[in-house]
Structure formats: structure tokens, C-alpha cells
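In case you want the letters, here they are:
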Amino acid sequence: MKPIGILGVPMDLGQGRRGVDMGPSAIRYGRLQEVLQSLGHQVHDFGDVKVPVVESLHRQAEQPGGLGYLEAIRAACLDTIQALGQMPADTFPIVLGGDHSIAMGSVTGVARGERIGVIWVDAHADFNTPETSPSGNIHGMPLAHLCGLGDPRLINLGYPGAKVRPEDVVLIGVRSLDPGEVRLLRQRGVMVFTMKEVDIEGIPAIAEAVVQHFRGFAKVHLSLDADVLDPEIAPGVGTPVAGGLTYREAHLLMELLADAQLVTSLDLVEVNPILDIANRTARMMVELAGSLLGKKIF
Ligand SMILES: [Mn+2]
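Residues numbered from 1 in each chain as written. Predicted model: local features only at pLDDT ≥ 70, side-chain atom pairs only at ≥ 80, totals over all residues. Heavy atoms only, no water.

## A word on unusual backbone geometry
With an omega of 10°, the peptide bond between Gly-97 and Gly-98 qualifies as cis. Mapped onto the secondary structure, Gly-98 falls in the loop between β3 (92-97) and α4 (103-111). Even without a glycine there, the phi angle at Arg-112 is positive, about 50°. Relative to the helices and strands, Arg-112 is located in the loop between α4 and β4 (117-121). Judged by its relative accessible area of 38%, Arg-112 falls in the partly exposed class. Look at Glu-270: it is not a glycine, yet its phi comes out positive at around 70°. With respect to the element layout, Glu-270 can be found in the loop between β8 (265-269) and α10 (280-292). (Helix = DSSP H or I, 4+ residues; strand = E, 2+ residues; numbered from the N terminus. Buried < 20%, exposed > 50% of the residue type's maximum accessible area, 1.4 Å probe, protein only.)

So, in C-alpha cells, the structure goes:
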């Protein structure tokens, strides 16, 4: 078993609601390290990347919505890439968000310039560009930028160009898409399993398709957004959408990915403890990380 490296990115600049910057604390408080150690893993916590608090930033008035924080997000992603680069190469990194814009840093950092498959488990596709986004919030854009679409300052993080091929992305659990995203996802040939496919095909068939899709890949990153879960079981998110994964669907997906030993790095993002009930959402994310990393019922 590879040692696990934890890195927090307390970022709330990619979206409009405060509180998601406390996600790393909530997930640590939810006993992430203890749960992983109880499974026999060696765990090293590398602390947090420094992210400026929103009040300290001067908004660029000419930019609409969340794009005013682009430079600060870019800087935090660069620090994330650097921090991941300092982890030993045989580490399994777990990056704690923070809003989902941190994934531009985490995926780039764990890829280290090599080809990487990405499993994006999310209520949203996060495949907007500044042109297609209705809100301008950057947490709705990281996957597009990783695929080389959007603002060059975010596409070229770390090194120039796309970090992920669109055909090396699989989306699971999606149920809220903007029209521009639908167009881009279709155009680029991204594999999408919406909640409709989850309902019809079930998690076992989807997990099998994912495992086949990434057969032979040396690196596969799982980016897990808490809002993929049904808000009934994960109320602590900024953008809840009804009709999400059930408790067992989410765990079964993790258990089947664990059986396949496919995933080599993980994000746990969009946990907002201010909107949560007694840290339920963070604890759920910790449990899911446990299932991905070897926790078995029997
Ligand atoms: Mn997301």
C-alpha cells in the first residue's frame, strides 16, 4: 500500500457562498487520518496551501462575477501544484477542498506532466468556460480548463496547454448542466453518466465501463464533489441539487473502484460546514474515502 499524503486547499474564491474554505478542517475533524490509518495506511498530512481570504482581495471591478478572483485562484492552484510536487512520487495524494476550482491545481499536480484519466463525480459537469458560464463562478469551470478550454491563464497553469484529454474524462452523477456545457461536452466527446444512466444502468455497470475505459492507465484521478450526493444525506454543500446518489450508490461506486485498484489520487471538495448539519457531509466524505481506500464490509 502506498503512503497517503493529505493536502488542504481552503479555497472559497471559485463560488459565491462562504464556508467551503472550512472544508479541509471539517474533513480532518471528521477523522480522515484516523479512518485511513485504521485500514492500515501510512498517512502524512502536509498541511494547507495558503489561500487569501476574500476580504483581503481587491475585486477587479471590470470582471463580472467570480472571474474577479481569477488571479488569486491561479496563484493558489500553482501553490497546490508545487506542494503536490514535493510529495514523494509513490504517494497517494488526497486533496481537500475548498471549492472545485482547486482541481485545476490538484489534477495538474498529480499528473506531473503524464497522461491521466479523470473520474469527475459531481452533480454538475464543471465544463463551463468564461464565455458559456451564466454565473462567472470559476468552480463551474475547472474541468473545461483542464481539457484546454477557456481562459489561457487557467489553461496554462504549471505548464502550457491542456492537462487532460477530453476522451480521458468520465463524468458520473451529473444532473444540472448549462446549455453551453452540454454543447461542449458533446463536441469534445466526454463520457457522461447522468443520474438517468445511474437509475437505468446502475452503479455496477457504470463502474465496469469506467474500469474498461481506463484499463492500462498508470494514473487515474477521482475528483469527488460532495454535491453529487443527495442533499438528504449531504446537506453541507453550496449548490445542492435534488435527486443525487444515495448512500449505498456512492459507497458501491467507491468499493468497485477499490476492487479494480484503478484510482491513484483523490479530491474531496465542496464540503461547506456552515450549511451542514453536525458535520454530516464531511463525515460522509471521509467514509467514502475509506471505501475507496480499502474499507470492506466483509
Ligand atoms: Mn464540482
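Additional details are given in the paragraphs that follow.
## A word on the packing of aromatic side chains
Geometrically, a pair of aromatic rings is defined through the distance of the ring centres and the angle of the planes. One pass over the structure, following the stated rule, counts one aromatic pair. Ring geometry for Phe-214 and Phe-217: centres 5.1 Å apart, planes at 80°, overall edge-to-face. Its end group placed over the ring of Tyr-159, Lys-163 keeps NZ or CZ at 4.5 Å from the ring centre. (Phe/Tyr/Trp six-rings, centres within 6.5 Å; stacked < 30°, edge-to-face > 60°. Lys NZ or Arg CZ within 6 Å of the ring centre and 35° of its normal.)

## Describing the packing of helix α3 (residues 70-85) against α4
One way to put it is that α3 packs onto α4 with a least axis distance of 8 Å and a crossing angle of 25°. Accordingly, the angle class assigned to the pair α3 and α4 is roughly parallel. Regarding α3 and α4, the two cross each other, and that crossing is right-handed. Between α3, through Ile-73, Cys-77, Thr-80, Ile-81 and Leu-84, and α4, the contact on the second element is made entirely by Met-104, Gly-105, Ser-106, Thr-108, Gly-109 and Val-110. Of the residues belonging to the contact of α3 with α4, the class tally is six nonpolar, five polar and no charged. (Axes fitted to C-alpha atoms, helices over the stretch in contact; angles between N-to-C directions. Parallel < 35°, antiparallel > 145°, perpendicular 65-115°, else oblique. Left-handed = near helix turned anticlockwise from the far one by under 90°. Contact = heavy atoms within 4.5 Å. Nonpolar A, V, L, I, M, F, W, Y, C, P; charged D, E, K, R; others polar.)

## Thoughts on the coordination of the manganese ion
Within the protein, His-100 (ND1), Asp-122 (OD), Asp-126 (OD) and Asp-225 (OD) serve as the donor atoms for the manganese ion, at 2.0 to 2.3 Å. Between the donor residues of the manganese ion, the gaps in sequence give the motif H-x21-D-x3-D-x98-D. Of this pair, His-100 sits in the loop between β3 and α4 while Asp-225 sits in strand β7 (residues 220-225), and the two are 125 residues apart along the sequence. Just as His-100 is buried, Asp-225 falls in that class too. (Donors = N, O, S within 2.8 Å, 3.2 Å for Na, K, Ca; no water.)

## Comments concerning the packing of helix α9 (residues 247-260) against α10
Their axes nearest at 7 Å, the elements α9 and α10 cross at an angle of 30°. The angle between α9 and α10 falls in the class roughly parallel. Taken together, the residues of α10 that come into contact with α9 (itself represented by Tyr-247, Ala-250, His-251, Met-254, Glu-255, Leu-257 and Ala-258) are Met-284, Glu-287, Leu-288, Ser-291 and Leu-292. Among the residues forming the contact of α9 with α10, the class breakdown is eight nonpolar, two polar and two charged.

Any functional reading would require information beyond the geometric quantities listed.
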